[in-house]
2 protein chains.
Amino acid sequence: MSRTGIRDEAEVRFSEAADVLVVGLGCAGASAALSSAAAGAETLVLERAGGGGGTSAMSGGVLYLGGGTALQKACGFSDTAEAMYAYIMASAGASPDEAKVRLYCEGSVEHYDWIVAQGVPFKPVFYYGCSGEPPSDDGLVWSGSERAWPYCEIAEPAPRGHVPRMEHQAGPLLMQKLVAAVEASPARIASDHRCTALVQARDGAILGAVAESFGEERIIRARGGVVLTTGGFIQDDDMISAHAPLVRQCSFRVGAEGDDGSGIRLGMAAGGATLHMDAASISLPATQPWGLKAGLLVNAQGQRFINEDAYYGRLGEHALFRQEGRAWLVVDDAVFEKPDYPREVAAVGETPAALERELGIPSGSLEATIALYNRHAERGEDPLFHKSSDYLKPLVSPPFGAFDCTTEGSLYAAFTLGGLATDVDGRVLDTAGKVIPGLFAAGRTTSGLAVGGYSSGLSLGDGTFFGRRAGVAAAVKGAN
Amino acid sequence: MSRTGIRDEAEVRFSEAADVLVVGLGCAGASAALSSAAAGAETLVLERAGGGGGTSAMSGGVLYLGGGTALQKACGFSDTAEAMYAYIMASAGASPDEAKVRLYCEGSVEHYDWIVAQGVPFKPVFYYGCSGEPPSDDGLVWSGSERAWPYCEIAEPAPRGHVPRMEHQAGPLLMQKLVAAVEASPARIASDHRCTALVQARDGAILGAVAESFGEERIIRARGGVVLTTGGFIQDDDMISAHAPLVRQCSFRVGAEGDDGSGIRLGMAAGGATLHMDAASISLPATQPWGLKAGLLVNAQGQRFINEDAYYGRLGEHALFRQEGRAWLVVDDAVFEKPDYPREVAAVGETPAALERELGIPSGSLEATIALYNRHAERGEDPLFHKSSDYLKPLVSPPFGAFDCTTEGSLYAAFTLGGLATDVDGRVLDTAGKVIPGLFAAGRTTSGLAVGGYSSGLSLGDGTFFGRRAGVAAAVKGAN
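Residue numbers restart at each chain and count upward from 1, following the sequence in its written direction. Working convention: letters from A go to chains and numbers from 1 go to ligands, in the order in which they are written. Local features in this predicted model are restricted to residues whose pLDDT is 70 or higher, and side-chain atom pairs enter the listing and the counts only when it is 80 or higher, whereas totals over whole chains, interfaces and linings include all residues.

Engineer: I would appreciate a short explanation of the overall build of chain A in the present structure.
Structural biologist: Secondary structure summary: chain A contains twelve helices and 22 strands in total. This radius of gyration counts C-alpha atoms alone. The globule rule is 2.2 Å times how many residues there are, raised to the power 0.38. The C-alpha radius of gyration computed for chain A amounts to 23 Å, which stays within 12% of the reference 23 Å derived for 480 residues, consistent with globular compactness. Expressed along its principal axes, the backbone C-alpha trace of chain A runs to roughly 75 × 50 × 35 Å. For chain A, the proportion of its 480 residues judged to be buried stands at 62%. Helix numbers and strand numbers start at the N terminus; a helix is a DSSP run of H or I with at least 4 residues, a strand a run of E with at least 2. Buried, partly exposed and exposed are defined by the number of other C-beta atoms within 10 Å of a residue's own C-beta, namely 20 or more, between the two limits, and 12 or fewer respectively, with C-beta atoms placed from the backbone.

What follows is the structure, given as structure tokens:
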């Protein structure tokens with residue numbers, strides 16, 4: 001018998017060796033492998049699926065980059081690392097990792113160039129009017145709450161969603177290019193290989209890993225290090241119940257089958273600490289097209305609870321974690337338009353009073369909310385939540401309607417943000433904050449840039465960026 | 001070099017042995033030691049302070065018990081295990097441990113008798129009119145949200161706060177009696193001994209522990225098991241930032257110095273999984289005396305966000321985690337009385353409009369909240385939050401005032417609820433849900449009965465109850 005997820009060095013005989021062993025070929029694994037191979041390290045990538053891509057290939061492909069990238073410039077936007085840093089620190093949860101955010105913002109311009117150098121194409125055209133992934137093949141979008149209060153007062157806004165040139169959903173293209181780059185590099189890929197355990201020395205150092213493929217075991221020495229890049233845990237019901245139980249209500253879990261927390265559990269078994277395991281990105285795309293931002297998002301008490309022009313990642317987080325997934329978007333006839341994401345009309349009424357009756361919201365409450373909102377909106381103000389004046393118009397044109405934004409009736413797209421504690425070079429830290437020699441991690445296997453308040457592109461951004469750094473750090477042989 | 005918190009069996013020579021080694025002498029450790037010694041196991045308790053007591057001795061001493069205890073009966077209340085189970089499952093967070101809650105409710109009557117048998121006195125008198133600890137030496141109080149919506153509709157309410165006979169604060173008495181019982185038992189106590197590491201076999205089993213006292217090391221074999229009962233992590237800033245960052249705002253951290261997460265970290269180092277590390281008990285005692293429940297608790301937008309008659313553990317959790325600690329209790333002249341817990345009057349005004357101006361709350365918003373509340377209260381209704389009609393009266397008597405319930409201006413008392421994953425016998429579980437042989441934990445070192453929505457007495461209750469079970473389970477020799 002062994003410790004779960006761990007083989008003691010004394011029990012194993014290595015069947016082969018590499019310098020760097022990368023576990024999982026999503027965006028973080030591909031970036032780690034490319035950097036490690038470029039640093040001259042013999043690199044082997046294990047992927048449990050038949051081919052690379054993982055959750056990254058199921059995503060919209062948006063990378064959150066800024067500070068004045070070539071793409072931002074080509075589209076006529078200026079941006080600074082300082083503004084980007086201030087925005088992420090203010091928006092991305094209650095306790096973001098300052099050192100990671102700092103490095104990421106300072107390295108973002110170079111990182112964009114690196115992504116391009118891997119063969120990922122971007123069309124230097126800005127697309128206005130949608131959050132996150134554009135319907136076109138344009139390259140730059142708004143993908144966060146930069147222009148929404150309070151962030152617009154904290155940092156100069158700039159669009160930072162960098163989207164590979166592909167209509168509708170660019171994740172497959174991003175990963176096609178990154179995997180092709182890995183294939184063209186000296187790194188080797190072993191698909192259909194699942195990592196089942198880490199090999200640990202008595203002193204705690206990770207010496208290699210055990211891989212299983214069709215019932216056969218390979219025990220692989222990693223001279224420089226093992227890099228865990230297996231994704232998050234959105235597909236593991238037990239871990240979700242243990243750490244982020246409200247997420248069970250979400251109708252859509254964004255993640256490949258492999259997002260079952262296996263890498264996080266392997267890292268924990270080796271003594272790795274975890275951070276922010278309760279954090280999740282919850283997207284509620286209720287205000288697309290943007291004209292719907294002029295509606296009112298209300299809770300079960302008929303109260304507003306957020307500025308409706310905040311990014312859909314922020315809307316979803318507030319609606320799920322603070323309102324328990326009870327929310328409706330109230331519009332009048334002037335604001336009404338067909339939502340981009342199919343969404344039921346929960347109720348219609350000739351007056352706010354009729355609408356609230358229809359919704360089962362307490363008598364007088366939605367009426368009071370609309371009356372107060374209208375009074376302020378007439379003066380172009382929203383002193384409660386500071387929605388931008390672009391979206392402030394009194395709701396006065398009957399009929400009034402409410403779109404269903406409850407977890408039962410609406411798309412809530414969720415993935416986890418918590419994971420292993422790592423330093424800026426992807427070294428996994430133990431519960432005393434000490435490095436576990438030979439063990440690295442990146443991407444959603446770690447707690448990264450965002451620990452809440454999600455802006456699209458932060459996960460592909462930090463997976464690729466810190467994946468690269470982990471690959472370089474693990475390539476230093478003889479560390480263990 | 002070793003793994004943090006772990007010594008490999010091959011590196012150590014045991015200097016002595018016991019059957020059961022208990023780490024920490026708070027309520028869980030005392031209960032574990034008493035049970036283990038009663039089961040005939042040679043028991044040694046390590047306590048890092050100069051004497052036993054820990055956080056339990058700093059507490060109010062309330063034990064949440066029910067199902068028809070002798071004390072409940074003596075006070076004229078009937079209760080059932082089913083009602084208690086339904087209440088805890090509905091109120092104590094989004095994902096309570098059903099098996100633990102079930103056993104606890106079914107064993108609660110016997111557990112009360114056991115507590116009494118250890119010499120802890122209870123006066124069979126019910127005290128009406130305060131939440132949690134009474135100012136008298138009376139034995140039974142309401143200590144949760146049983147009579148508040150929605151719980152009053154889910155389960156038959158009964159008072160379940162069992163308080164040892166001591167005025168004002170009964171924790172010291174509870175622990176004096178439990179520690180005296182341990183001293184009178186065959187169990188030995190080694191105070192000024194800090195546990196610095198667990199001794200782990202290659203197969204993962206815990207064989208013993210390393211204790212440090214004034215620079216000297218003792219390496220102690222535990223034939224049956226090591227029981228970690230070192231408390232939670234409210235005193236560890238890094239862990240708080242990593243798992244429950246908003247708790248940093250709380251003005252008062254309820255915990256002895258030893259509540260630094262050491263036991264949780266030792267358990268994790270051995271491969272133990274953790275649960276609900278973001279969960280915390282947040283007490284906001286804003287509605288004491290109870291007449292203040294007739295006030296309105298409002299947020300920075302002047303909106304109500306909870307039924308004010310909910311227990312102060314629930315008020316605090318909502319105010320901190322959902323309103324970011326921005327809250328005020330609004331009263332009129334009729335409701336106003338001097339709060340039991342000193343609390344600043346943040347503003348006074350002759351009208352709701354004047355009050356909201358004074359508070360800096362958006363114009364018209366508090367006015368609308370009060371108007372709507374009054375309209376419903378006149379009919380004895382609160383359709384928004386279902387506050388009991390006992391506390392529903394229109395706020396119409398000037399002057400109006402607001403008590404400061406912000407984290408800056410008010411007492412928020414916090415302690416952590418997350419910890420090691422354990423089964424109902426205190427066995428620590430690894431990341432695959434498998435038992436780590438020889439390792440046990442209880443009390444706030446574990447995730448217990450409440451993972452949110454705190455009712456007072458659940459921690460002393462589950463610490464003593466599951467401490468006892470862990471002591472019995474660890475007393476079975478030869479398990480490892």
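Engineer: So what exactly am I meant to see when it comes to the packing of helix α3 (residues 81-91) of chain A against helix α4 (residues 98-117) of chain A here?
Structural biologist: When two helices pack together, you describe them by how their axes are tilted relative to each other and by the distance separating the axes. Residues and elements named next belong to chain A. The geometry of α3 relative to α4 is characterised by a closest axis approach of 9 Å and an angle of 145 degrees between their N-to-C directions. The hand of the α3/α4 crossing is right-handed. Where α3 abuts α4, its residues Ala 81, Met 84, Tyr 85, Ile 88 and Met 89 lie against Glu 98, Val 101, Arg 102, Cys 105, Glu 106 and Ser 108. In this classification, the charged set is Asp, Glu, Lys and Arg, the nonpolar set is Ala, Val, Leu, Ile, Met, Phe, Trp, Tyr, Cys and Pro, and all remaining amino acids, among them Gly, are polar. Residues of the contact of α3 with α4, tallied by class, amount to seven nonpolar, one polar and three charged. Angles shown run from 0 to 180 degrees and are taken between the N-to-C directions of axes, each axis being a line fitted to C-alpha atoms and, for helices, limited to the stretch in contact. Each crossing is labelled by how the near helix is turned from the far one, with a counterclockwise turn of less than a right angle marking it left-handed and a clockwise turn marking it right-handed. For every residue pair, C-beta atoms are placed from the backbone, and the pair is scored as a contact if these atoms sit within 7 Å.

Engineer: Would you take a moment to explain the interface of chain B and chain A for this structure?
Structural biologist: If you look at the interface, chain B gives 41 residues, while chain A gives 41 residues. Take the side of chain B that touches chain A: its biggest share by element is four residues, from helix α11 (residues 365-377) of chain B. Grouping the amino acids of the side of chain B that touches chain A by side-chain chemistry returns 16 nonpolar, 15 polar and ten charged.

Engineer: Explain the sheet that holds strand β18 (residues 413-416) of chain B here, please?
Structural biologist: Two pairing modes exist for strands in a sheet, parallel and antiparallel, and in both the strands are linked by backbone hydrogen bonds. All names here are of chain B. Any two strands with at least two DSSP-identified bridges between them are counted as paired. In space, the three strands of this open sheet follow the order β11-β18-β13, with mixed pairing throughout. The outermost strands of the open sheet, each flanked by one partner alone, are β11 (252-253) and β13 (280-283). The sheet contact formed by β13 and β18 spans four bridges and is antiparallel. Bridging from a neighbouring strand, Ala 280 pairs with Thr 416 of β18.

Engineer: So what exactly am I meant to see when it comes to helix α11 (residues 365-378) of chain A here?
Structural biologist: Note on helix geometry: an α-helix contains 3.6 residues per turn, so any two residues three or four positions apart are oriented the same way. Expected helix span is computed as 1.5 Å times (number of residues minus one). Under the 1.5 Å per step criterion, the end-to-end length of α11(A) is 20 Å for 14 residues, consistent within 8% with the ideal 20 Å. Listed as buried for α11(A) are A:Ser365, A:Leu366, A:Glu367, A:Ala368, A:Thr369, A:Ile370, A:Leu372, A:Tyr373 and A:Ala377. Summarising the contacts, the buried residues of α11(A) are in contact with β15 (296-298) and α10 (352-359) of chain A together with α11 of chain B. Trailing α11(A) by a residue or two, A:Gly380 shows a phi angle of about 70 degrees, which is positive.

Engineer: Help me out: how do you make sense of the domain arrangement of chain A in this one?
Structural biologist: Where the parts come together, the accessible area they lose is often given as the size of the interface. Residues and elements named next belong to chain A. All the domain ranges listed were derived from an automatic or database domain assignment. The domain architecture assigned to chain A consists of domain 1 (1-278 + 417-480) and domain 2 (285-404). The straight-line distance from the C-alpha centre of domain 1 to that of domain 2 is 36 Å. Each side of the interface is counted separately: domain 1 has 16 residues, and domain 2 has 16 residues. Per-class residue counts for the side of domain 1 that touches domain 2 are six nonpolar, nine polar and one charged.

Engineer: Just checking my understanding: could you explain the relation of the copies chain B and chain A for this structure?
Structural biologist: Superposition of the two copies of the chain requires a rotation about an axis together with a shift along that axis. C-alpha atoms of residues with pLDDT of at least 70 in both copies form the basis for the least-squares superposition of the copies. Note on the copies: chain B fits chain A at an RMSD of 0.0 Å, the axial shift is 0.0 Å, and the rotation between them is 180 degrees. In short, the pair behaves as if placed about a two-fold rotation axis. Using C-alpha coordinates, one finds that chain B approaches the rotation axis most closely at B:Arg322, a distance of 2.6 Å.

Engineer: Explanation requested: the packing of helix α1 (residues 27-38) of chain B against helix α6 (residues 171-184) of chain B in the structure shown.
Structural biologist: All names here are of chain B. At a minimum axis separation of 9 Å, α1 and α6 run at an interaxial angle of 30 degrees. Comparing the axis directions of α1 and α6 gives the class roughly parallel. For the element pair α1 and α6, the recorded crossing hand is left-handed. Where α1 approaches α6, its residues Cys 27, Ala 30, Ala 33 and Leu 34 are matched on the opposing element by Leu 174, Met 175, Leu 178, Val 179, Ala 181 and Val 182. Its residues assigned to classes, the contact of α1 with α6 shows ten nonpolar, no polar and no charged. For classification, angles of less than 35 degrees are called roughly parallel, those exceeding 145 degrees roughly antiparallel, those between 65 and 115 degrees roughly perpendicular, and all remaining angles oblique.

Engineer: Got a minute to help me understand the environment of B:Glu337 in this structure?
Structural biologist: Residue and element names in this part refer to chain B. Counting through the fold element by element, Glu 337 comes out in the loop between β15 (328-331) and β16 (345-349). For the pair Glu 337 and Pro 289, spaced 48 residues apart in sequence, the C-alpha separation works out to 8.0 Å. Setting aside residues up to four positions removed in sequence, Glu 337 forms contacts with Pro 289, Gly 291 and Leu 292.

Engineer: Would you mind going over the sheet that holds strand β14 (residues 280-283) of chain A with me for this structure?
Structural biologist: A sheet is described by the order of its strands in space; here three strands give the open sequence β12-β19-β14 (chain A), paired in mixed fashion. Of all strands in the sheet, those with a lone pairing partner are β12 (252-253) and β14 of chain A, marking the two edges.

Engineer: Could you clarify how one ought to interpret the nonpolar core in this entry?
Structural biologist: In summary, soluble globular proteins display a tendency toward joint burial of nonpolar side chains. Buried Ala, Val, Leu, Ile, Met, Phe, Trp, Tyr and Cys residues whose C-beta atoms connect them within 7 Å together make up a nonpolar core. Core analysis: the largest hydrophobic core is formed by 314 residues, its most contacted members being A:Ala209, A:Val227, B:Ala209 and B:Val227. Sequence-distant contacts of A:Val227, that is, excluding residues within four places in its chain, are made with A:Val20, A:Val22, A:Val23, A:Ala32, A:Gly426, A:Phe440, A:Ala441, A:Ala442, A:Ala470, A:Gly471 and A:Ala474.

Engineer: Help me out: how do you make sense of the pairing of strand β16 (residues 328-331) of chain A in this one?
Structural biologist: Note on strand geometry: in a regular strand, side chains alternate between the two faces of the sheet. Residues and elements named next belong to chain A. Where burial is concerned, the two faces of β16 agree: the one with Trp 328 and Val 330 and the one with Leu 329 and Val 331 are both buried. Here β15 runs beside β16; their pairing, made up of three bridges, is antiparallel. Each bridged residue has a counterpart across the sheet, and for Val 298 the counterpart in β16 is Trp 328.

Engineer: Can you walk me through the pairing of strand β21 (residues 435-441) of chain B in this structure?
Structural biologist: Residues and elements named next belong to chain B. Burial analysis of β21 places five of its seven residues in the buried class, the great majority of the element. Bridge count for strand β10 (residues 216-228) against β21 is three bridges, and the pairing is parallel. Along β21, the bridge assignment pairs Leu 228 with Ala 441. Bridge analysis of strand β20 (residues 427-429) against β21 gives two bridges, and the strand direction is antiparallel. If you follow Arg 427 over to β21, its bridge partner there is Phe 440. In textbook terms, the turn of a hairpin is the stretch between consecutive antiparallel strands, and for β20 and β21 this stretch comprises five residues, one of which, Gly 433, has a positive phi near 80 degrees.

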